[in-house]
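Inside the fold
In case you want the letters, here they are:
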Protein chains: 2
Amino acid sequence: MTDQPIPSISRAGRHGPTIRDVARLAGVSLGTASKALNGEGRLRQETREKVMQVAREIGYRPNDLAQSLHRTRSRTVGVISSDAFGRFTLPIFQALEEVFADEGVAVFMCNATDDPERERQHVDQLLGKRIDGLVVTARRADRRPPVGPLPAGLPVIYVYSEPEDGSALSLLADEEAGAALAVDHLVAVGCRRMAHVTGPERFEAVQQRRNGFHAALARHGLKAEPSHCVTGNWSEEWGRQAVAQLFGSGAVAPPDGVFCGNDQIARGVIEAVRERGLSVPQDVAVVGFDNWQVMTEAARPPITSIDMNLADLGREAGRALIAMIGGEAISGLKRLPCTLVQRQSTAR
Amino acid sequence: MTDQPIPSISRAGRHGPTIRDVARLAGVSLGTASKALNGEGRLRQETREKVMQVAREIGYRPNDLAQSLHRTRSRTVGVISSDAFGRFTLPIFQALEEVFADEGVAVFMCNATDDPERERQHVDQLLGKRIDGLVVTARRADRRPPVGPLPAGLPVIYVYSEPEDGSALSLLADEEAGAALAVDHLVAVGCRRMAHVTGPERFEAVQQRRNGFHAALARHGLKAEPSHCVTGNWSEEWGRQAVAQLFGSGAVAPPDGVFCGNDQIARGVIEAVRERGLSVPQDVAVVGFDNWQVMTEAARPPITSIDMNLADLGREAGRALIAMIGGEAISGLKRLPCTLVQRQSTAR
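We now turn to the structure provided with this report. Values in this document were obtained by computation on a predicted structure and should not be read as measured data.

Of the transformation placing chain B onto chain A, the axial shift is 0.1 Å and the rotation is 180 degrees, giving an RMSD of 0.3 Å. What the rotation and shift describe, once combined, is the action of a two-fold rotation axis.

Moving on, we get to the interface of chain B and chain A. Note: interface size is frequently given as the accessible area lost on complex formation between the parts. Chain B puts 46 residues into the contact, and the matching count from chain A is 46 residues. Interface of chain B and chain A: buried area, both sides summed, is about 3,700 Å²; carbon and sulfur atoms make up 45% of it. Inspection of the region where chain B meets chain A yields 10 salt bridges. When the shortest N-O distance is used, the salt bridge between Arg 267 of chain A and Glu 236 of chain B registers 2.5 Å. Applying the counting rule to chain B against chain A returns 10 residue pairs in polar contact (both at pLDDT 80 or more). Contributing elements (two or more residues each) for the side of chain B that touches chain A: helix 1 (19–26), helix 5 (89–101), strand 2 (106–111), helix 6 (116–128), helix 9 (236–248), helix 10 (263–275) and helix 11 (293–296) of chain B.

Applying the stated criterion to the full structure yields 3 cavities of 30 Å³ or more. Approximately 50 Å³ is the volume attributed to the largest cavity. Lining the largest cavity are Arg 240 and Glu 271 of chain A together with Arg 267, Ile 270, Glu 271, Arg 274, Ala 298, Ala 299 and Arg 300 of chain B. Tallying contributions element by element places helix 10 of chain B first for the lining of the largest cavity, with 4 residues. Considering only residue class, the lining of the largest cavity consists of 3 nonpolar, no polar and 6 charged.

What follows is about the nonpolar core. Within the largest apolar cluster, 99 residues are counted, with the highest numbers of intra-cluster contacts made by Ile 157 of chain A together with Ile 157 of chain B. Contact partners of Ile 157 of chain A, with chain neighbours within four places excluded, come to Leu 134, Val 135, Val 136, Leu 169, Leu 171, Ala 317, Ala 320, Leu 321 and Met 324 of chain A. Ala 106, Phe 108 and Val 136 of chain A together with Ile 131 of chain B belong to the second-largest nonpolar core, a separate cluster that totals 28 residues.

All names here are of chain A. On the basis of which strands lie adjacent, the open sheet formed by 6 strands has the order 9-8-10-11-12-14 and mixed pairing. In the strand order of this sheet, the two ends are held by strand 9 (229–231) and strand 14 (339–341), each with one partner. Taking the axes of each pair of neighbouring strands and ignoring which way they run, one obtains an average angle of 20 degrees across the sheet. Sheet topology note: the strand 8 (residues 194–198)/strand 10 (residues 257–260) ladder contains 4 bridges and is parallel. Bridge assignment links Met 194 to a residue of strand 10, and that residue is Gly 257.

What follows deals with the pairing of strand 11 (residues 285–289) of chain B. Residues and elements named next belong to chain B. In terms of burial, strand 11 is largely enclosed, as 5 of its 5 residues are buried. Along strand 11, one buried face is formed by Ala 285, Val 287 and Phe 289 and the opposite face, lined by Val 286 and Gly 288, is buried too. In this sheet, strand 11 lies alongside strand 10 (residues 257–260) in parallel orientation, the contact comprising 3 bridges. When the sheet's bridge partners are listed, Val 258 is paired in strand 11 with Val 286. One crossover worth recording links strand 10 to the parallel strand 11 by way of helix 10, and it is right-handed. With 3 bridges connecting them, strand 11 and strand 12 (residues 304–307) associate as parallel partners.

Let's shift gears to the sheet that holds strand 11 of chain B. Residue and element names in this part refer to chain B. In spatial order, the strands read 9-8-10-11-12-14; together these 6 strands make up an open sheet with mixed pairing. Unpaired on one side and paired on the other, strand 9 (229–231) and strand 14 (339–341) mark the two borders of the sheet. Ignoring which end each strand starts from, the neighbouring axes of this sheet average 20 degrees apart. Set on the sheet, helix 9 makes contact with strand 8 (194–198) and strand 9; between it and strand 8 the angle comes to about 145 degrees.

What counts, and at which threshold
Residues numbered from 1 in each chain as written. Chains lettered and ligands numbered in written order. Predicted model: local features only at pLDDT ≥ 70, side-chain atom pairs only at ≥ 80, totals over all residues. Heavy atoms only, no water. Least-squares fit on C-alpha atoms with pLDDT ≥ 70 in both. Contact = heavy atoms within 4.5 Å. Buried area = accessible area lost by both parts, 1.4 Å probe. Salt bridge = Lys/Arg side-chain N within 4 Å of Asp/Glu carboxyl O. Polar contact = N/O pair within 3.5 Å; in protein donor to acceptor, adjacent residues only side chain to side chain. Helix = DSSP H or I, 4+ residues; strand = E, 2+ residues; numbered from the N terminus. 1 Å grid on protein atoms, 1.4 Å probe; cavity = no way out; pocket = protein on both sides within 12 Å on 5 of 7 lines; lining within 4 Å. Points joined across faces, edges and corners; volume = space filled by probe spheres on them. Nonpolar A, V, L, I, M, F, W, Y, C, P; charged D, E, K, R; others polar. Core = buried A, V, L, I, M, F, W, Y, C linked by side-chain atoms within 4.5 Å. Buried < 20%, exposed > 50% of the residue type's maximum accessible area, 1.4 Å probe, protein only. Pairing = 2+ DSSP bridges. Axes fitted to C-alpha atoms, helices over the stretch in contact; angles between N-to-C directions. Right-handed = clockwise from strand over helix to strand, strands pointing away.

Here's what the structure looks like:
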């Protein structure tokens, strides 16, 4: 085996080879590799030696995080979601699962669908499986009652979700800074009369994104017309209606840049602007939010959008949960950065 | 308690009150209600009597399905998906979970993302939790290698997915009959020159839907021009390109009805037809497939579409799995009906 070249190591982004690499190269299951490396379980001596040899050859070192997992009871973590595993939870969950899969930890999901009784039932079921940690995620980044009651000491993390009482670590996207990225970009491409078309007032996301919009404008010495800041719902139809409001009145000069609360609104805005005989991006540049490719790439022109990097939130949550399972105490609120993905709707 | 009016019973659609109703009205958890009704576990006599009294008052009868679950080991079923819990798996999973939640059975999901090694790992993890049954679901209804190896006798169901070897029960939507519904509807609103714009050839869904299209046309004594049946990808952009092909050549009369392989294609077709100065539905009626409301309702006009009723597949899977856990042997392939949801794109 030493004569053969070592195949490439999977999972870029983690430092060095993982137990997954050892298992793959030794031709055994993850469970077997884990037993061999930890000197646990019943294995044939030959298998154990083969695994150890591969581990030495590729320089596998169980890291601190992986080691901390050996103290766990079930090598299982639970996820409960009120998003029904939709557009927002999905990238978070996938990233979370990647982190744990590399260490042979199972992730089980339950779907809470905003029903408190159902949620309690799910938590009971997960606790019944002796989970080592719990991740709570949601369709909306709004504050919510804490999950519970939970056994003292069970690590809990809220992702894209926040407990009302601040009792646990909460990981969120920095939506306010994300909105500022949109404004900075619109200013950079020459827009001066900015509008903001967004979703329902009651959403935390609407408030965060709007705050970021106004704060960034102020930094640039600009100010939006009050009549250019409008709330409605999250649909394309609302985006189209908003254009009639923003461009229909002769009272103030129409906007030359529109920051939209999500990509569906942005798509409606773009279509309606085009139908007024104006050009996007030449006459009006448009930025969306969420970077939902089904929308951003099908629109004409494709939409520049703010990405919340939900996979980063998931990875961060995975790493934090492993550290907490290992005994570290982590709490508080942490916001991770958004990024701007540039497309033709602002290319001027 | 007998003097109080009985609150309304939850979960319409199931016959009679469930154990969930008993638990709620007695103010106890589902687990407690289950123990009390089955005479298991350690409970205070007072609690047990209260639960029994509520059960009698509301006429709760444990049904055969629920009874069969008492034979299970863990009151847990597993779901593995290669859909990453996206658009197709989601309604299936929700329905499945409804069925099991009523009986206090936990449903744990794992995400296989088309990676066979990861899938094997997930199956091992679920088996480690002593699941009573397994549901396999997917992003595409294509045939796939069977999941395994599994312990003999473990009930397994494939939903929107089919094992290559026919080894287990597989529940699918009758996409061929769904396509026929689209054709029947287009004929009924007066279309005679039908086109079919669909996705990549290699998808089982493309083949099923196309077969249904041609068979239904033949039933009506119609035949599509070969140049009017075109395959591309699943995007709006392809729908727009296809219109240039279908309406651009002067060789044959352009179609007056277009059946599209999915709703994104239909949306692109509708936009491009409108941009040629033709009216949808007057000049060209358009039907989509999947009934994905983000697309069907945002299009102008909104799109008539075929719904695969994935929630029905989920419910049927839940009931079948419970029966199998109870000892019934069920296998083979079962296709459930699709329905047509009419909107303005065919309203003439």
